[in-house]
Amino acid sequence: MELSYDYALDRDCTTLSRHVLQQLQSFGPEAQDLSAIMSRIALAGKIISRRLSRAGLVEGALGFTGDINVQGEAVKKMDLFANEVFIAVFKQSGLVCQMASEEMEKPYYIPENCPIGRYSLLYDPIDGSSNVDINLNVGSIFSIRQQAGDDPEQIGANLLQNGHHQLASGYILYGPSTMLVYSIGTGVHSFTLDPSLGEFILSSENVRIPNHGPIYSVNEGNFWQWDDAIRDFIRYVHRHEGYTARYSGALVGDIHRILFQGGVFLYPGTLKDPQGKLRLLYESAPLAFLIEQAGGAASTGVRPLLNEMPQYLHQRTPLIIGSKEDVALVESFIEERIKLDRDKLQVTP
Ligand code: AHG
Ligand code: MN
Ligand code: MN
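Residues numbered from 1 in each chain as written. Chains lettered and ligands numbered in written order. Predicted model: local features only at pLDDT ≥ 70, side-chain atom pairs only at ≥ 80, totals over all residues. Heavy atoms only, no water.

Chemist: Would you explain the pattern of salt bridges in this entry?
Modeler: Oppositely charged side chains can pair when the atoms bearing their charge come close. Throughout the structure, instances matching the rule amount to eleven salt bridges. The partner of Arg118 in a salt bridge is Asp33, with the nearest N and O atoms 2.5 Å apart. One end of the pair, Arg118, is in the loop between strand E4 (108-109) and strand E5 (119-127); the other, Asp33, is in helix H3 (residues 29-53), with 85 residues separating them in the sequence. With a relative accessible area of 34%, Arg118 lands in the partly exposed category. Taking relative accessible area as the criterion, Asp33 reaches 16% and is therefore assigned buried. Among the salt bridges present, the one from Arg279 reaches Glu102, with a minimum N-O distance of 3.2 Å. With a gap of 177 residues between them, Arg279 in the loop between strand E13 (263-267) and helix H7 (280-293) and Glu102 in the loop between strand E3 (96-101) and E4 connect regions that are remote in the sequence. The class for Glu102 is buried, based on a relative accessible area of 4%. (Salt bridge = Lys/Arg side-chain N within 4 Å of Asp/Glu carboxyl O. Helix = DSSP H or I, 4+ residues; strand = E, 2+ residues; numbered from the N terminus. Buried < 20%, exposed > 50% of the residue type's maximum accessible area, 1.4 Å probe, protein only.)

Have a look at this one:
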């Protein structure tokens, strides 16, 4: 039998940058840019993954910095490290003109990349930071948008667009293996980091989320802080067979499970935080774009999440995301309560 090296390469080694070009069916400048951006994101993922995998052995990798970020949350050393890794890989890339992250109050503007860099990157450098010190899964979330204009005065303001304006989004999951899952609007594709090659290699193409699944993923410790509608839904799953709870404390991990197995993730508003905890621009919207590309749905409870217009950079929003039927079921409980409240108002003189 004749051995073909081409065959070996095709079968084993579809790398991320090559995959982006294949998906866009083009070698044009836009496709080259997106491919290069994805390669940079992958590089950031590899550097973060390397540090996480040895964190217990490295001086200064774990624990808190002692600072509080713009969200009022205690910053971990790993949050800062990962934030800087993304900046370092994009700084001299000529690809991205501004970067906005959970860990920076204002967008990071890279004047030398403007107007050459026609893109903006929004990201959550470490999602699920509370898992870092106990060696459980964490992630990074990213979203790529077209840079609108090159007026430094407008920097930041032009990021305030709804989620349909995303060109690409995805996440990196640092688990037993490191995976990168992305969409550029042509379905959802997942890659696994082969540490021996130092490359993300295609592991599942065109991932489709089941229309319904057994998993519900929510922090039930907030039960008495939710609206009645969310409590109605939770009581429903408690009383019906076929549901199982999973909640890891890292959105990326929970969404990854639901993407492959079906179900629904919820972070609704609470008494303390009526808009919930998750940030629209660099947590909820990128995952909503991805899950919709896989055939699922994402909602604020009353509107499609991708329609939500941010008023400011670090805005939070309630999130209900996952399999179409399961998201619709949660929405139906919310609708029901809205109707009941409206009826009550009408009878009260
Ligand atoms: P981050 O670490 O980026 O602040 O995000 C943590 C988020 C999300 O990943 C997770 O689903 C949620 O916070 C957990 O919050 P609770 O502890 O309130 O359940
Ligand atoms: Mn997060
Ligand atoms: Mn984070």
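From this point on, the discussion continues.
Chemist: In this structure, what is going on with the domain arrangement of the protein? I would like to understand it.
Modeler: By a widespread convention, an interface's size corresponds to the accessible area lost as its parts come together. What the domain assignment reports for the protein is domain 1 (5-204) and domain 2 (215-347). Here the C-alpha centroids of domain 1 and domain 2 sit 25 Å apart. With 49 residues of domain 1 at the contact, the number on the domain 2 side is 32 residues. Of the roughly 3000 Å² buried where domain 1 meets domain 2, counting both sides, 62% is carbon and sulfur surface. Summed over the three residues of domain 1 that lose the most area to domain 2, namely Ile141, Leu160 and Tyr171, the buried surface amounts to 20% of that side. In this assembly, domain 1 and domain 2 are joined by three salt bridges. One can count 17 residue pairs in polar contact (both at pLDDT 80 or more) joining domain 1 with domain 2. (Domains from an automatic or database assignment. Contact = heavy atoms within 4.5 Å. Buried area = accessible area lost by both parts, 1.4 Å probe. Polar contact = N/O pair within 3.5 Å; in protein donor to acceptor, adjacent residues only side chain to side chain.)

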